[in-house]
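Now for the letters of each chain:
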Amino acid sequence: LAAAAFSAGAQDFPGSKPITLIVPFSAGGPTDRVARDLAEALRKPLGNVTIVVDNAAGAGGSIGANKVAKASNDGHTLLVHHIGMATMPTLVRNIPFNVENDFEYVGMINDVPMTVIGKPTLPANNYKEMVAWVNQNKGKINLGNAGIGSASHLCGMLFQQALGVEMTAVPYKGTGPAMTDLMGGQIDLMCDQTTNTTSQIEGKKVKAFAVTSPQRLTTAALKDLPTMQEMGAKGFNVSIFHGLYAPKGTPAPVLKKLNDALKVALKDPDFVKKQEGLGAVVVTDNRVNPAEHKKFVQAEIAKWSPAIKAAGVYVD
Ligand code: MLT
């Protein structure tokens, strides 16, 4: 009887029960921004269901991911996560879930380039002057991130390797709060996604030195920033993908409805305008395909694992 009721539920999913999008970082950061924009765009294709965003931050994004891995598989608790899904398997020892087996892959959302930014009082007005300042202040530099395994942590790791200078990592529960401290001068530098940095760069609340994509960006506030590769960091290419996930065992009819709604949401003109105005690139249909989504994450796990192991980085 319960199975019949459950499958009936699957048929008329989502019904009137709200959907919760879990964001594994603090409010006000880039992941939160993607989730809130996506919630707006998903509402209509999901029959005007209420969609709430719940920030379950901590442990580099693994606390929020675990919450969804352990949630009911009725399709009403979903995860918006980023590249962390591909780095946690290597970074988080004793990880309480399996990225490949404990989730259903609903589809990709976007790719977001990153920017290297500094506190407004940093005495440098371009990349070369910033590098000179870094070399004059070795051992005294605070680099903000959102915890081990976060996008800002990974980019920060590669940034330090590119400069050959070790900096002190200052972890936050998201780059939203980290940005507040950077603007206040409590930390010196950070590598963060354009969805979080574009408006601060436009408002001259932080200094901007480079972008992490292989090509320069077209966003007005970012177009004059050199790429890390132009500045000599060979092969430097960091772009943060975001995807939508459900707990393993979510019924196929529910996953189909979620995937169909995601495809519609990613074409919502308002969603595209908001995201692309902040330097993000919304994915095309072929990458919203669940099988392609899972294959992409598996390839990213293989890509990042050696770099993380070589850096000897992990979190218990
Ligand atoms: C956030 O949403 O706070 C960031 O994506 C965290 C990070 O740097 O990964």
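Use the structure listed above.
A few points on the structure. (Residues numbered from 1 in each chain as written. Predicted model: local features only at pLDDT ≥ 70, side-chain atom pairs only at ≥ 80, totals over all residues. Heavy atoms only, no water.)

### Examining the overall build of the protein chain
Piece 1. Scanning the protein chain for helices and strands turns up twelve helices and ten strands.
Piece 2. When the backbone C-alpha atoms are referred to their principal axes, the protein chain occupies close to 70 × 40 × 30 Å.
Piece 3. Expressed as a percentage of the 316 residues in the protein chain, the buried residues total 55%.
Piece 4. For the protein chain, restricting intrachain contacts to residue pairs at least 6 apart in sequence, the fraction spanning at least 24 positions comes to 78%.
Piece 5. Working note: accessible area of the protein chain is about 12,800 Å², and carbon and sulfur atoms make up 55% of it. (Helix = DSSP H or I, 4+ residues; strand = E, 2+ residues; numbered from the N terminus. Buried < 20%, exposed > 50% of the residue type's maximum accessible area, 1.4 Å probe, protein only. Contact = heavy atoms within 4.5 Å. Areas by Shrake-Rupley, 256 points an atom, 1.4 Å probe, with all protein chains shown as cover.)

### Some points on unusual backbone geometry
Piece 1. Cis geometry marks the peptide bond from Phe 13 to Pro 14; its omega dihedral reads 0 degrees.
Piece 2. Examined against the element boundaries, Pro 14 turns out to sit in the loop between helix H1 (2–11) and strand S1 (19–23).
Piece 3. In this structure, Ala 59 is a non-glycine residue whose phi angle is positive, near 55 degrees.
Piece 4. Within the fold, Ala 59 resides in the loop between strand S2 (51–55) and helix H3 (62–69).
Piece 5. By relative accessible area, Ala 59 is classed as partly exposed at 42%.
Piece 6. Although it is not a glycine, Asn 94 sits at a positive phi angle of roughly 55 degrees.
Piece 7. With respect to the element layout, Asn 94 can be found in the loop between helix H4 (84–91) and strand S4 (103–118).
Piece 8. On the basis of relative accessible area, Asn 94 is assigned to the exposed category, the value being 70%.

### Observations regarding the site of the ligand
Piece 1. Lining the immediate surroundings of the ligand are Phe 25, Gly 29, Pro 30, Thr 31, His 82, Ala 146, Ser 150, Ala 151, Ser 152, Gly 174, Thr 175 and Gln 193.
Piece 2. Within the backbone of Ala 151, an N or O atom sits 2.7 Å from an oxygen atom of the ligand.
Piece 3. Contacts to the ligand include Gln 193, whose side-chain N or O atom sits 3.0 Å from an oxygen atom.
Piece 4. For the ligand, whose free accessible area comes to 270 Å², the fraction covered by protein is 100%.
Piece 5. Given that more than half its atoms are within 2 Å of the pocket grid, the ligand belongs to the largest cavity. (Near = heavy atom within 4 Å. Polar contact = N/O pair within 3.5 Å; in protein donor to acceptor, adjacent residues only side chain to side chain. 1 Å grid on protein atoms, 1.4 Å probe; cavity = no way out; pocket = protein on both sides within 12 Å on 5 of 7 lines; lining within 4 Å. Sits in = over half its atoms within 2 Å of the grid points.)

### Topic: the pairing of strand S6 (residues 168–171)
Piece 1. Here strand S5 (residues 142–145) runs beside S6; their pairing, made up of four bridges, is parallel. From the neighbouring strand, Asn 145 faces S6, where its bridge partner is Pro 171.
Piece 2. Each parallel crossover has a hand, and the one from S5 via helix H6 (residues 151–163) to S6 is right-handed. (Pairing = 2+ DSSP bridges. Right-handed = clockwise from strand over helix to strand, strands pointing away.)

### Considerations on the nonpolar core
Piece 1. In this structure, Leu 38, Phe 103, Met 130, Phe 159 and Leu 189 are the most contacted members of the largest nonpolar core, which totals 84 residues.
Piece 2. Counting 14 residues, the second largest nonpolar core, distinct from the first, contains Tyr 172, Ala 178, Leu 182 and Leu 222. (Core = buried A, V, L, I, M, F, W, Y, C linked by side-chain atoms within 4.5 Å.)

### Examining the side chain of Thr 198
Piece 1. Tracing the backbone through its elements, the reader meets Thr 198 in helix H8 (residues 194–202).
Piece 2. Side-chain polar atoms of Thr 198 contact the backbone oxygen of Thr 194, separated by 2.6 Å.

### Some remarks on the packing of helix H2 (residues 30–43) against helix H9 (residues 252–265)
Piece 1. For the pair H2 and H9, the least separation of the axes is 8 Å and the interaxial angle reads 105 degrees. The angle between H2 and H9 falls in the class roughly perpendicular. The segment H2 lies against H9, with Leu 38, Ala 41 and Leu 42 engaging Ala 261, Leu 262 and Ala 265.
Piece 2. In the contact of H2 with H9, the residues fall into six nonpolar, no polar and no charged. (Axes fitted to C-alpha atoms, helices over the stretch in contact; angles between N-to-C directions. Parallel < 35°, antiparallel > 145°, perpendicular 65-115°, else oblique. Nonpolar A, V, L, I, M, F, W, Y, C, P; charged D, E, K, R; others polar.)

### A closer look at the pairing of strand S7 (residues 189–193)
Piece 1. Counting buried residues in S7 gives five out of five residues, a clear majority hidden from the surface.
Piece 2. Side chains Leu 189, Cys 191 and Gln 193 project from S7 onto one buried face, and the interleaved Met 190 and Asp 192 project onto a second face that is buried too.
Piece 3. As paired strands, S4 and S7 are joined by five bridges and run antiparallel to one another. By the bridge assignment for S7, Met 114 is matched with Gln 193.
Piece 4. Pairing between S5 and S7: two bridges, direction parallel.

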